[in-house]
Amino acid sequence: DSTVRAMQGLTLYFFLTRERREAQDRYSRIIRECEKILPGFSKGSILLSSLETLADVYRRLGKEEEAIETYKAVATRYPEEEGANAQKKIIDSYGAGMQMYSEAIEESRELIKRFPDTEEAIHSQFLIGQFYYLQGNYGPALKELEKYLRDYPKSEWVVGARWYMALSHIRRRDHEKA
């Protein structure tokens, strides 16, 4: 029974390894084709979806910097909702993907400035506080989270903002405010 399980496990391992390698080859082909075709487009839905797909492929391959550059191209070319969504993905790449919190804060501020009154801007205000907390900058984290709660008291991230505020107070050894 254990021999059969070991063989099944080995078979699964080889299958997954082959599938991953084939997926990486397909992603590489997608990148090459996009890089050939995309310069011919200046704007439009084909370009938008192609750039978004290209950026997502880069992220899946672990190429965060290439993904960020591609998302920046979308954010620059599309000043509407698509641009806000691309800017949000840049923030996600810097924050979650690369743990480059200063860059994520800068991009969050840019998103808020370019796309005020959008869901992405509201979430970005929360993220600024969270990124400051993750950097260990608890004073600025509290300031940004208080601003978030003041400006968006009914938004979906209120509980998260209060949580990070409590953690920031604890880290500052201000247990009464926590």
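Now for a description of the structure that goes with this document. (Residues numbered from 1 in each chain as written. Predicted model: local features only at pLDDT ≥ 70, side-chain atom pairs only at ≥ 80, totals over all residues. Heavy atoms only, no water.)

### What to know about the packing of helix α6 (residues 119–135) against helix α8 (residues 158–171)
Spelled out, the test is: In this analysis, axes come from line fits to C-alpha atoms, helices being fitted only over the stretch in contact, and the angle between any two N-to-C directions falls in the range 0 to 180 degrees. Numbering of helices and strands runs from the N terminus; a helix is a DSSP stretch of H or I covering at least four residues, while a strand is a stretch of E covering at least two. For classification purposes, an angle smaller than 35 degrees is called roughly parallel, one larger than 145 roughly antiparallel, one from 65 to 115 roughly perpendicular, and anything else oblique. Less than a right angle of anticlockwise turn of the near helix away from the far helix marks a crossing as left-handed, whereas a clockwise turn marks it as right-handed. We call two residues in contact when some of their heavy atoms are within 4.5 Å. Each residue is assigned to one class: nonpolar for Ala, Val, Leu, Ile, Met, Phe, Trp, Tyr, Cys and Pro, charged for Asp, Glu, Lys and Arg, and polar for all the others, Gly among them.
At a minimum axis distance of 10 Å, the contact between α6 and α8 shows a crossing angle of 25°. By the angle between their axes, α6 is roughly parallel relative to α8. Regarding α6 and α8, the two cross each other, and that crossing is left-handed. Facing α6, whose interface residues are Phe126, Gln130 and Tyr133, α8 presents Gly160, Ala161, Tyr164, Leu167, Ser168 and Arg171. Tallied by class, the residues present in the contact of α6 with α8 amount to 5 nonpolar, 3 polar and 1 charged.

### So, the environment of Ile170
Filter applied, for reference: Relative accessibility decides the category of a residue: with a 1.4 Å probe and only protein chains considered, values under 20% of the type maximum give buried, values over 50% give exposed, and everything between is partly exposed.
Along the chain, Ile170 falls in helix α8. Exposure remark for Ile170: the relative accessible area of 38% places this residue in the partly exposed category. Counting along the chain gives 32 residues from Ile170 to Tyr138, while the straight-line C-alpha distance between them is 9.5 Å.

### Thoughts on the packing of helix α7 (residues 138–151) against α8
Relative orientation and spacing of two packed helices are given, respectively, by the angle between their axes and the distance between those axes. Running from amino to carboxyl end, α7 crosses α8 at an angle of 155°, the nearest separation of the two axes being 9 Å. Considered as vectors, α7 and α8 are oriented roughly antiparallel to each other. Crossing geometry of α7 relative to α8 is assigned as left-handed. Contacts between α7 and α8 involve Tyr138, Ala141, Leu142, Leu145, Glu146, Tyr148 and Leu149 from the former and Val158, Ala161, Arg162, Tyr164, Met165, Ser168, His169 and Arg171 from the latter. The residue makeup of the contact of α7 with α8, split by class, is 10 nonpolar, 2 polar and 3 charged.

### Looking at the pattern of salt bridges
The line we're drawing: Every case where a carboxyl oxygen of Asp or Glu lies within 4 Å of a side-chain nitrogen of Lys or Arg is listed as a salt bridge.
Tallied over the full model, the rule gives 4 salt bridges. We note a salt bridge from Lys147 to Asp151, for which the minimum N-O separation is 2.7 Å. You can see Lys147 and its partner Asp151 sitting in helix α7, 4 residues apart, about one turn around the helix. Here Asp151 and Arg150 are joined by a salt bridge, their closest N and O atoms 3.9 Å apart. Owing to a relative accessible area of 35%, Asp151 belongs among the partly exposed residues under this scheme. Accessibility expressed as a relative area gives 59% for Arg150, which makes it exposed. Three or more residues joined by partner-sharing salt bridges are found here, namely Lys147, Arg150 and Asp151.

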